[in-house]
Amino acid sequence: MKKLFPIFSLFIGFIVIGIISCGGGGGNNISPDTSDKIAFVSYRDGNAEIYTISSDGSNLLRLTNNPAVDRDPVWNPDKTKIAFTTNRDGNFEIYVMNADGSNKVNLTNSPDFDCYPSWSPDGTQIVFESSRAEGWDIYVLNVDGSGAPYRLTYGDGDNRYPCWAEDWTIAFSSNRDGNYEIYIMNATGGGQTRITTSDATELYPKWSLDSLRILFVSNKDGNNEIYLMNRDGSNWTRLTSNPEDDTKPSWSPKDEAIAFETYRNGTNSQIYLMSNTGQGQINLSGNNFEEFAPSWSSR
Ligand SMILES: [Ca+2]
Ligand SMILES: [Ca+2]
Ligand SMILES: [Ca+2]
Ligand SMILES: [Ca+2]
């Protein structure tokens, strides 16, 4: 980490300049907002645990301490809680904890796999994928634990990797039409619409703050790369170009930058940051441990 810090500082400078130039007025605060944290998974302590770190590389905090797999961390809208997936109770469940790692609560308690949470815009609900019926489908639960999860997808194929937009639209991946494509639907499962048409595999949609664009991953150019498109599936822009897999993107709070998982350094995945146009790709992890699934505190 230390040897990469100067490069990282340049990158942060770039982000901060972007914030200042877009902000208008003010302009006195030229230091990064260190309340801006990235949650991620690392094997640095022997098994998959969840950590948070400031985007300038400081303030590393370990949030889980358990021999089981802890993964899929996602910040809630007001940055006070993190939802995650863990198999500490025997199979994967959706948990929520406070941002300091305290008060971990199991919200699913089902005998099947429950994974990949994404918060509703108001922070009261979580959309997730579950294998509790036939194959994978998408469900919504109430964070206060009330009621049973509500199922949003039915029918052929697997429906996975949901992401909730600020305008309440949910994007997800499905292979119902033969291979994985990106789809969108409303928050009650209505209006399910396919927005990509490709022979390749499209996964991990992530909405922009204005709900007009979607980051996603496709292997259409031979291996996994990160792309950006409009919400109607038009205008694909490729942001990575690397022979190894680049995957699981996450927007920074104001959409100026993107954190992602990449295998470009060898067998272990690392977390990289880049601008929203794919510039300045740098290693946030800076070690040889497997690190993946970044979630930048957003909104
Ligand atoms: Ca663990
Ligand atoms: Ca379960
Ligand atoms: Ca496809
Ligand atoms: Ca690649």
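Residues numbered from 1 in each chain as written. Chains lettered and ligands numbered in written order. Predicted model: local features only at pLDDT ≥ 70, side-chain atom pairs only at ≥ 80, totals over all residues.

(A) Layout of the sheet that holds strand 11 (residues 150–151). Strand order in the open sheet formed by 4 strands is 8-9-10-11, and the pairing between neighbours is antiparallel. Both outer strands of the open sheet, strand 8 (114–119) and strand 11, are each paired with one neighbouring strand and no more. Of the pairings in the sheet, the one linking strand 9 (residues 125–130) to strand 10 (residues 137–142) comprises 6 bridges and is antiparallel in character. Bridge pairing links Ser130 to Asp137 in strand 10. (Pairing = 2+ DSSP bridges. Helix = DSSP H or I, 4+ residues; strand = E, 2+ residues; numbered from the N terminus.)

(B) Structural detail: the sheet that holds strand 13 (residues 170–174). Read from one edge to the other, the open sheet built from 4 strands follows the order 12-13-14-15, with strand pairing classed as antiparallel. The open sheet is flanked by strand 12 (159–164) and strand 15 (193–194), the only strands paired with a single partner. Strand direction decides the pairing type here: strand 13 and strand 14 (residues 181–185), joined by 5 bridges, are antiparallel. Looking across to strand 14, one finds that Ile170 is bridged to Met185.

(C) Spotlight on unusual backbone geometry. Non-glycine residue Tyr116 carries a positive phi angle of around 55°. Secondary-structure assignment places Tyr116 in strand 8. Classification of Tyr116 by C-beta neighbours within 10 Å gives buried; the count is 26. (Buried ≥ 20, exposed ≤ 12 C-beta atoms within 10 Å, placed from the backbone.)

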